[in-house]
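# Coordinates in review
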Amino acid sequence: PAASSLRSITVLGATGSIGDSTMDLLRASPERYQVEALTANGNVEGVVKLAKEFNARFVAVADESKLDELRAALAGTGIASGAGDSAIVEAAERPADWLMAAVSGAAGLKPALAAVDRGATVALANKECLVCAGDFFMDRAAKAGACILPADSEHNALFQALASGSREELTRVIITASGGPFRTWAAADIEQATLAQALKHPNWSMGQKITIDSASMMNKGLEVIEASYLFALAPDEIDVLVHPQSIIHGMVEFRDYSVMAQLGSPDMRTPIAHCLGWPDRIPGRAAPLDLAKIGSLTFEAPDYARFPGLKLAYDALRTGSGATTVYNAANEIAVAAFTAQNIRFGAIARLVEATMNEWVRAGNLAPLSSADDAIAVDHKARKMAATLLPQIAAKAS
Ligand code: NAD
Ligand code: MG
């Protein structure tokens, strides 16, 4: 194709699990894409390797101390580079038609908004940024003419199934959950689970933070909130269904009780391919679904008693006014503490609950209307969670 028909692509978080799946799809049809910018946190070697392979125009790493290393690794390539949070934002501002937002955590908010504000097509994997800024994120995208395509598998499934009817005809959506490695565990065992046990996801291979979130089902909580903001759904319109095989990713029920589902192998390359091809469909890279081989699909109701983090997500949505920002911020602190082996697994949800309660008690609730508001609440909630952490860690369940 002529140079003008090339699709220009930026990948934020190119060295991560979602980044890797995205690059795999680009690699399959290099003649269709021009890579504009690639970013990473601190993995200079990984991002430079990709930048050279795809002949990217710009590379940024968030870790400022790595600028010299980055410049040296790119010497002679003609590829421009930068380091620090502002360089990640610069990467998002550069004129790519399609951008994958796959930074992990609320750290991805500013760059995602930079892409939204210039009206880009944004494939959104970074659910924490939407949970952090849900009060205004989608409005801001609509105002800028940006197109948000859900890359998270459940939300991508809903996006596809929603095309079968109108908003008024919809009665509810259902997102599925594998149940994670502790699906069948007793509460007392979940309380004591080790880091190695939490990192053993039965179906999906993902980054460390989301893998721990899947074990606590905080990931599903984040996804309930994500669905609410993406599709303007009330908490009562969103159900979670445990489905250990991870074959059905999401379903939409309409008022005639027809239920439309999206199915596929548990491989993020399928929802990412949908985002990359949209509104057309491009060839996939995951294994085609073989239902005869899988044999049976099973379902269970989620258990809020063993996975209290899921219930807290509904509470945060109902509370509104920054409560989902607090939910996410406290979870990020809790996951970091658990990863550093400073708290027990069971303390993750307790810290989130304690932080949310303290936030409301201190009279901090207020609607968020800007990135600065969201980031201020995020920072303040992180501090509050860090302050509450020692007493939560000391208290057995
Ligand atoms: P990951 O940890 O594998 O990768 C994260 C990427 O972001 C890396 O490239 C890393 O260098 C970069 N990064 C991390 N911190 C950063 C910072 N402070 N500033 C700039 N860049 C930073 O994570 P992942 O599993 O690929 O997940 C990415 C996002 O996608 C998360 O929000 C996650 O919830 C979501 N998601 C992931 C999956 C999956 O299968 N992995 C599925 C659905 C949604
Ligand atoms: Mg998901």
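Computed from a predicted model, the values in this text were never measured in an experiment.

### Considerations on the UniProt feature "domain: DXP reductoisomerase C-terminal" (unreviewed entry) in the chain
Those residues carrying the UniProt feature "domain: DXP reductoisomerase C-terminal" (unreviewed entry) are residues 263-383 in this numbering. Across residues 263-383, the secondary structure splits into 58% helix and 1% strand, with the terminal C-alpha atoms separated by 41 Å.

### Things to note about the UniProt feature "binding site: Mn(2+)" (unreviewed entry) in the chain
Under the local residue numbering, the UniProt record ascribes the feature "binding site: Mn(2+)" (unreviewed entry) to Asp152, Glu154 and Glu223. Spanning 72 residues, the named residues form one tight spatial group whose C-alpha atoms are at most 8.5 Å apart. With respect to the helices, strands and loops of the structure, Glu154 is situated in helix α8 (residues 153-162). Residue Glu154 is classed as buried on the basis of its 28 C-beta neighbours within 10 Å.

### Some points on the domain arrangement of the chain
When the domains of the chain are assigned, the result is domain 1 (3-150) and domain 2 (152-183 + 210-303). The C-alpha centroid of domain 2 is placed 25 Å from the C-alpha centroid of domain 1. Counting only elements with at least two residues in the side of domain 1 that touches domain 2, the list comes to α1 (17-28), α6 (127-132), α7 (137-144) and β7 (147-150). A total of six residues in the side of domain 1 that touches domain 2 trace back to one element, the largest contributor, which is α1.

### Focus: the pairing of strand β11 (residues 259-263)
Examined bridge by bridge, strand β10 (residues 248-254) and β11 share five bridges and lie antiparallel to one another. Pairing of Val252 across the sheet is with Met260, part of β11. The turn linking β10 back onto β11 is made up of four residues, and Tyr257 within it adopts a positive phi angle of 70 degrees.

### Regarding the site of ligand 1
Taken together, 29 residues lie around ligand 1, and Gly13, Gly16, Asn41, Met206 and Gly207 are the ones closest in. Elements represented by at least two residues in the shell around ligand 1 include exactly α1, β2 (33-40), α6 and α11 (208-216). Broken down by class, the residue content of the shell around ligand 1 amounts to 13 nonpolar, twelve polar and four charged. Shared between two domains, the shell around ligand 1 holds at least three residues of each, these being domain 1 (3-150) and domain 2 (152-183 + 210-303).

### So, the sheet that holds strand β1 (residues 7-12)
The parallel open sheet is built from seven strands, whose spatial order is β4-β3-β2-β1-β5-β6-β7. With partners counted over all chains shown, the strands left at the sheet margins are β4 (80-83) and β7, one partner each. Here the strands of the sheet are splayed against their neighbours by 20 degrees on average, with no regard to which way each runs. Sheet topology note: the β1/strand β5 (residues 98-101) ladder contains four bridges and is parallel. Bridge pairing in β5 places Leu12 opposite Ala101.

### Some remarks on the nonpolar core
Grouped together as the largest cluster of nonpolar side chains are 128 residues, with contacts concentrated most on Ala101, Val122, Ala123, Ala330, Ala334 and Leu351. At ten residues, the largest contribution of residues to this core is made by helix α16 (residues 323-339). Once residues within four sequence positions are removed from consideration, Ala123 is found in contact with Trp98, Met100, Ala101, Leu149, Ala151, Ile272 and Cys275.

### What about unusual backbone geometry?
Residue Pro279 follows Trp278 across a cis peptide bond; omega there is 5 degrees. Looking at where Pro279 falls in the secondary structure, it is placed in the loop between α13 (269-277) and α14 (291-294). In this structure, Asn55 takes a positive phi of about 50 degrees despite not being glycine. Its place among the elements puts Asn55 in the loop between α2 (44-54) and β3 (58-61). Its identity as a non-glycine residue notwithstanding, Ser246 has a phi of 50 degrees, on the positive side. Within the element layout of this structure, Ser246 appears in the loop between β9 (238-242) and β10.

### Concerning the sheet that holds β9
The sheet built from four strands is open, its strands ordered β9-β8-β10-β11 with mixed pairing. Each edge of the open sheet carries a strand with a single partner, namely β9 and β11. Here the average twist between neighbouring strands, direction ignored, is 20 degrees. Across the sheet, α8 lies against β8 (170-177), β10 and β11, angled at about 35 degrees from β10, the strand it touches most.

### A closer look at the packing of α8 against helix α12 (residues 218-231)
Viewed as axis vectors pointing N to C, α8 and α12 meet at an angle of 35 degrees, and their least axial separation amounts to 10 Å. The interaxial crossing formed by α8 with α12 has right-handed handedness. Residues Glu154, His155, Leu158 and Leu162 of α8 form the contact with α12, whose participating residues are Glu223, Glu226, Ala227, Leu230 and Phe231. Of the residues that constitute the contact of α8 with α12, the class distribution is five nonpolar, one polar and three charged.

### Some details on the confidence of the model for the chain
Mean pLDDT over the chain: 97, with 98% of residues reaching 70 or higher. For this predicted complex, the interface score ipTM comes out at 0.99, alongside a pTM of 0.98.

Rules and cut-offs
- Residues numbered from 1 in each chain as written.
- Chains lettered and ligands numbered in written order.
- Predicted model: local features only at pLDDT ≥ 70, side-chain atom pairs only at ≥ 80, totals over all residues.
- UniProt positions renumbered as here; feature names shortened; annotations may be inferred.
- Helix = DSSP H or I, 4+ residues; strand = E, 2+ residues; numbered from the N terminus.
- Buried ≥ 20, exposed ≤ 12 C-beta atoms within 10 Å, placed from the backbone.
- Domains from an automatic or database assignment.
- Pairing = 2+ DSSP bridges.
- Near = placed C-beta within 6 Å.
- Nonpolar A, V, L, I, M, F, W, Y, C, P; charged D, E, K, R; others polar.
- Axes fitted to C-alpha atoms, helices over the stretch in contact; angles between N-to-C directions.
- Core = buried A, V, L, I, M, F, W, Y, C linked by C-beta atoms within 7 Å.
- Contact = placed C-beta atoms within 7 Å.
- Left-handed = near helix turned anticlockwise from the far one by under 90°.
- pLDDT = per-residue confidence, 0-100.

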